[in-house]
Structure formats: C-alpha cells, structure tokens
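Next come the chains, spelled out residue by residue.
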Amino acid sequence: MKALAARRHDRRAPIVLLLLALLLTGGLYAVLAPTSADAAPAAVSTDDVKAGEKLFQANCATCHGPSAAGTQSAPSLIGVGAAAVDFQVGTGRMPMQMNGPQAQVKPVQFDDEQITQLAAYVASLGAGPAIPTADQVDPAQGDAANGMALFRTNCAMCHNAVGAGGALSRGKFAPNLWETSPTHLYEAMLTGPQSMPVFGDTNLDSVEKRDIIAFIDQQGEATPGGLDLGSLGPVSEGLWAWVVGMGLLIGAAVWIGAKSS
C-alpha cells in the first residue's frame, strides 16, 4: 500500500495527466468541431480534372511545381481547394505577370470552362474550400445593415469603411471592392488571398459572409452626402479642407491687406 501511495504522488504524474487531458481535448475537438460546408470539393467529372491537369502543366507548373507541391517561387496548392483557384485565376491575378509585393489584377487569361477545369484539378489534389453556391453569394438575400457592422469590425481597417481600399505596408494594398463579383468576395473571405486573413465559418459563417456582400453591393452606387471625394475618409476630406479652407483664409487676408493699404 505504501508503494502505491508513493506512485500516486510521483512528481511526473501532473505532466502525464496534462498530456492525457490535451490528447483527450484534441480528440474531442476533431470529432465534435463543426466543419465548413465548403470544405469538401464539389463533384466534378474525370474529364474536367484531366483537362485541368493539362492546363496546369502548361501554365502553372513552372512556379508551383509539376505536382503542385510548391517551389521556392510559389507555394503548394495541395489543399487550397477550388475556391482559391477560382478567385486567383478568375480575377486575373494568376498566372502572375511579374513579381512584386502582391499579385496584380489584370485581364483574365482563361475562359470560364478552363477556370472550372483548373479548379477541378487542384481540388482533386486535396480537400479544400469549394466554390460557393449562387444562394450563398446572393446580395438580395443578405442583411446589409448587419453586413455593415461586420465589415467595419473585420474589414474596414484595411479596405476602408466603405470598401474603397487602402494602402498597407511594404508596397502592398487592400483593393477597392466595389467592382469585385459576389462570388469572388465570398472566396476571398474563405481563402484569405495575399495579406488578407482567412475568415472561416468559425469567424464568419456563410450567412454573415452574405451579409457583408450585401453591404458592399450597396457601396459606390450613390453619394447622398454630395461629392464622395474618393470615399477615402479623413485623408481626402482633410486635404480638401486644408486646400480650400486655407486658400479662402489666405485670400481673405490678402483682400483685407489690399483694402487697408
């Protein structure tokens, strides 16, 4: 009995118990944690995958490697999912035209069928976010008021309070969102391109993403307050006040001086 009691008070016992607790917690989380509805790639035909592989080898393998496992020039695409490919290729960011702080938007290099084939091939390499459905990105079904609150909490620090874009560090920038399609907006939140963080369903669920899309859809259409001054907030407003306001004050000073002389 004394030997058993001594083992119970072994100094290593807390460490063993902690490890067991961590293993149990991790196992329970893996089993019970909610998963994204977009995590599994959508069903595609074998012909699409084969055609996408040919397009990949001809246009993408130089940077991403023949097996899409990545190189020193570009990251691995295994597990990024169809949504990442649809966003990057569908907005013209990929294939990149030149190296720089971030990929630039340019005319799209592939048609819709080819983009679908490329996305199907990359999705076949590993499970990842799928391209959203039409209902998930429909602005008419979203709550723009809730989207405004969510956008200004999660996105405005980079993209400006109304999605007009803004400068980041080291030559990077957050683009204007007004011309971005609802599908690409959803995919950007889902995959986190460039310097953007990933907003998974644990951060913003599919309904909240649609609300944000509804808010962005209403921006840039009208300026009820008059001139929008680029919708860049205090920067353009301050410049306007400085130039016009100081100009009027200087003009008034010169006029008063001329009158008094």
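Here, the structure is the one placed above.
Residues numbered from 1 in each chain as written. Predicted model: local features only at pLDDT ≥ 70, side-chain atom pairs only at ≥ 80, totals over all residues. Heavy atoms only, no water.

S.K.: Explanation requested: the packing of helix H7 (residues 144-154) against helix H10 (residues 206-217) in the structure shown.
M.R.: The geometry of a pair of packed helices is captured by two quantities: the angle between their axes and the separation between those axes. Put simply, H7 and H10 touch, their axes get as near as 7 Å, and they point 95° apart. Our classification of the angle between H7 and H10 gives roughly perpendicular. Across the interface between the two elements, Ala144, Asn146, Gly147, Met148, Leu150, Phe151 and Arg152 of H7 pack against Glu208, Asp211, Ile212, Ala214, Phe215 and Ile216 of H10. Per-class residue counts for the contact of H7 with H10 are eight nonpolar, two polar and three charged. (Axes fitted to C-alpha atoms, helices over the stretch in contact; angles between N-to-C directions. Helix = DSSP H or I, 4+ residues; strand = E, 2+ residues; numbered from the N terminus. Parallel < 35°, antiparallel > 145°, perpendicular 65-115°, else oblique. Contact = heavy atoms within 4.5 Å. Nonpolar A, V, L, I, M, F, W, Y, C, P; charged D, E, K, R; others polar.)

S.K.: Before we go on, may I ask you to explain the environment of Gln102 in this structure?
M.R.: Of note, Gln102 is situated in the loop between helix H5 (81-90) and helix H6 (112-125). Taking C-alpha positions, Gln102 is 6.4 Å from Gln194, a pair spaced 92 residues apart along the chain. Within the structure, Gln102 has its side chain in polar contact with the backbone oxygen of Phe173 (distance 3.1 Å). (Polar contact = N/O pair within 3.5 Å; in protein donor to acceptor, adjacent residues only side chain to side chain.)

S.K.: What is the right way to read the side chain of His64 from this model?
M.R.: Positionally, His64 belongs in helix H4 (residues 61-64). At a separation of 2.9 Å, a polar atom in the side chain of His64 contacts the main-chain carbonyl oxygen of Pro75. Those residues in contact with His64 that lie beyond four places of it in its chain are Phe56, Ala69, Gly70, Thr71, Ala74, Pro75 and Leu77.

S.K.: Explain the packing of H5 against helix H9 (residues 182-191) here, please?
M.R.: At a minimum axis separation of 9 Å, H5 and H9 run at an interaxial angle of 125°. Between H5 and H9, the angle falls in the class oblique. For the pair H5 and H9, the sense of crossing is left-handed. For the pair H5 and H9, the contacting residues are Ala83, Ala84, Asp86, Phe87 and Gly90 in the first and Thr183, His184, Glu187, Ala188, Leu190 and Thr191 in the second. Its residues assigned to classes, the contact of H5 with H9 shows five nonpolar, four polar and two charged. (Left-handed = near helix turned anticlockwise from the far one by under 90°.)

S.K.: Can you help me understand the nonpolar core in this one?
M.R.: As a rule of thumb, nonpolar side chains are buried together in soluble globular proteins. Judged by nonpolar contacts, the single largest core of 18 residues is most densely connected at Phe56, Val85, Val89, Phe110 and Leu118. Of all the elements in the fold, those that place two or more residues in this core are helix H3 (46-59), H5 and H6. Core analysis: the second largest hydrophobic core is formed by 17 residues, Ala83, Phe199, Leu204 and Ile213 among them. (Core = buried A, V, L, I, M, F, W, Y, C linked by side-chain atoms within 4.5 Å. Buried < 20%, exposed > 50% of the residue type's maximum accessible area, 1.4 Å probe, protein only.)

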